[in-house]
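Chain residues, written in single-letter form:
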Amino acid sequence: MSPVKPPAVRRVAIIGGTRIPFARSDGPYATASNQDMLTAVVDGLVERYGLGDPGAVGELVAGAVLKHSRDFNLARETVLGSKLDARTPAYDIQQACGTGLQAVIAAANKIALGQTESAIAGGADTTSDAPLGVNDELRRILLQARRAKSVGGRLKALARVRPTHLVPDIPRNAEPRTKLSMGEHAAVTAQAWGITREAQDELAATSHQRLAAAYERGFFQDLVVPFRGLDRDQNLRPGSTPEKLAALKPVFGLDQPDPTMTAGNSTPLTDGAAVVLLASEEWAARRGLEPLAYLTASETAAVDFVRGDVAGGEDGLLMAPAYAVPRMLERAELTLPDFDFVEIHEAFASQVLATLAAWEKRGLAPVDRARLNVAGSSLATGHPFAATGARIVATLAKLLAERGGSGRGLVSVCAAGGQGVTVVLDRN
């Protein structure tokens, strides 16, 4: 029997993307579920690119970080409730804040290998509608009652319930192994790298100003669909300045001598969803769609933020992109000056600045700030965990297409659990 011939690797085109305006937690989307928001952005993409015909899209890949038990099949249920063909396969994926970008990579890999011609990838997250877990002791009592063989046995088990058992288990933004929140971890890293308050506030103000400018010139007109009364990101503060941000009190690292991280230079809890349409060049040509850019490389990394060099800054919770990007660039035979745009997810201003410093320490050239997050990023838009990767990919692809000619962009996303996901988009 002759061996199966391996498929030729194809170029993967980014056709476009859609997202809803991101909203602050417990605001306009307080009663919107992950599925509600994900369906809204999928329908927006279907309408924009005419994807409602049978078999138009090969599959949907999406996820959420904060998931109810009802979200166990989120992507597939979204297909069934959307304007996509109900026969479109779908599956969930999750990698904390890297979920949306990892979904894009997963879809792109299938297209590259010829396993599908097109896919939609992204994610949704709501901190307003966060799942509340049953108190663990109550859960054990209820399970014991269910296993009881008699009414008397069930009543005996239930008699152990106490008022304290009725307190729900509320999700915390903390690492299970360290019990520290992401902000507290970032504060340790900021101190290790000597990141100043002034530099953080300047980066945060720039993010708001650039996002506002992008909205004003109509950049997001074909990327953002209105939802529940919003047509712009609710967190956007066009008038932000370093001086105004300097008036805010620190909220993280308060046990340090000079804490620098505030609500203004940290990303707020946010609700939202975003997706990207990817395809083979042949699929795009058949449908008369012009690719914005191509996904040409990716890399994922992780650091040991529990036992590694955390105090020294090398293995901080959000520092994995400091390792992923150099590896990806070496494999792709690229350097940072080869990029026209660099997109770094702004979980915290301090984390962006620490990442830039770490890249330089590892021998990469300094990033020209004029090329960094040129249309604003997470500090201004907000950060619905699983949606951010798709938001950034769609934004970067459009920036490259708008520039015209050849061009190249880098995406770097840090994630909980000490992970980082990175990709390269190319117009060449």
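Everything discussed here concerns the structure shown above.
Residues numbered from 1 in each chain as written. Predicted model: local features only at pLDDT ≥ 70, side-chain atom pairs only at ≥ 80, totals over all residues. Heavy atoms only, no water.

Topic: helix α10 (residues 321-332)
What counts, and what does not: Where helices and strands are cited, they refer to DSSP runs of H or I of at least four residues and of E of at least two residues respectively, numbered from the N terminus. Expected helix span is computed as 1.5 Å times (number of residues minus one). We call a residue buried when its accessible area falls under 20% of the maximum for its residue type, exposed when it is over 50%, and partly exposed in between, using a 1.4 Å probe and counting protein chains only. What makes two residues a contact is simply this: any of their non-hydrogen atoms within 4.5 Å.
A rise of 1.5 Å per residue sets the reference length of α10, with its twelve residues, at 16 Å; its end C-alpha atoms lie 16 Å apart and thus fit the reference within 8%. Within α10, the full set of buried residues consists of Pro-321, Ala-322, Ala-324, Val-325, Pro-326, Met-328 and Leu-329. Those residues of α10 that are buried are in contact with β9 (293-302), α11 (349-361), β11 (408-415) and β12 (419-426). Two residues or fewer past α10, Glu-333 is found with a positive phi of approximately 60 degrees.

Examining the nonpolar core
For the record, the criterion: As used in this record, nonpolar core signifies buried Ala, Val, Leu, Ile, Met, Phe, Trp, Tyr and Cys residues forming a set joined through side-chain atoms within 4.5 Å.
Within the largest apolar cluster, 48 residues are counted, with the highest numbers of intra-cluster contacts made by Ile-14, Phe-220, Val-276, Leu-278 and Leu-425. Per-element tally for this core: the top contributor is helix α3 (residues 99-112), with nine residues. Residues Met-37, Val-42, Leu-74 and Phe-227 belong to the second largest nonpolar core, which totals 38 residues.

Some thoughts on the packing of helix α6 (residues 182-193) against α11
Selection criterion: Interaxial angles span 0 to 180 degrees and are taken between N-to-C directions of axes, which are lines fitted to C-alpha atoms, for helices over the stretch in contact. Here roughly perpendicular refers to angles of 65 to 115 degrees, roughly parallel to angles under 35, roughly antiparallel to angles over 145, and oblique to all remaining angles. By definition, turning the near helix anticlockwise from the far helix through less than a right angle yields a left-handed crossing, and turning it clockwise yields a right-handed one. By the convention adopted, Pro, Cys, Tyr, Trp, Phe, Met, Ile, Leu, Val and Ala count as nonpolar, Lys, Arg, Asp and Glu as charged, and the other residues, Gly among them, as polar.
Remark: α6 packs on α11, axes separated minimally by 9 Å, with the N-to-C direction vectors making an angle of 45 degrees. As summarised for this structure, α6 and α11 are arranged oblique, according to the angle between their axes. The interaxial crossing formed by α6 with α11 has left-handed handedness. Counting all contacts with α6, which are made through Ala-186, Thr-189, Ala-190 and Trp-193, the residues of α11 involved are Ser-350, Ala-354, Ala-357, Ala-358 and Lys-361. Residues that form the contact of α6 with α11 fall into these classes: six nonpolar, two polar and one charged.

A look at empty space enclosed by the protein
For the record, the criterion: Within this scheme a cavity is a closed region of a 1 Å grid, computed over the protein atoms alone, that accommodates a 1.4 Å probe without allowing it to escape, whereas a pocket is open but has protein on both sides within 12 Å along at least five of seven lines; lining residues each have an atom within 4 Å of a point. Grid points are joined across faces, edges and corners, and a volume is the space filled by probe spheres set on the points.
A full pass over the atoms with the stated rule returns one cavity of 30 Å³ or more. Every residue along the wall of the largest cavity is listed here: Gly-17, Thr-18, Arg-19, Leu-223, Ala-274, Val-275, Ala-390, Arg-391, Ala-394 and Thr-395. For the lining of the largest cavity, the elements supplying multiple residues, two or more each, are β1 (12-19), β8 (270-280) and α13 (388-403). The biggest single contributor to the lining of the largest cavity is α13, with four residues. Tallied by class, residues from the lining of the largest cavity come to five nonpolar, three polar and two charged.

Overview of the side chain of Ser-412
Mapped onto the fold, Ser-412 is located in strand β11. Accessibility expressed as a relative area gives 1% for Ser-412, which makes it buried. Ignoring sequence-local partners within four residues, the contact set of Ser-412 consists of Pro-321, Val-325, Glu-343, Ile-344, His-345, Trp-359, Val-421 and Thr-422.

A look at the environment of Gly-404
Take Gly-404: it is sitting in the loop between α13 and β11. Between the C-alpha atoms of Gly-404 and Leu-292, which are 112 residues apart in sequence, the distance is 9.5 Å.

Shape descriptors only; they carry no functional weight alone.
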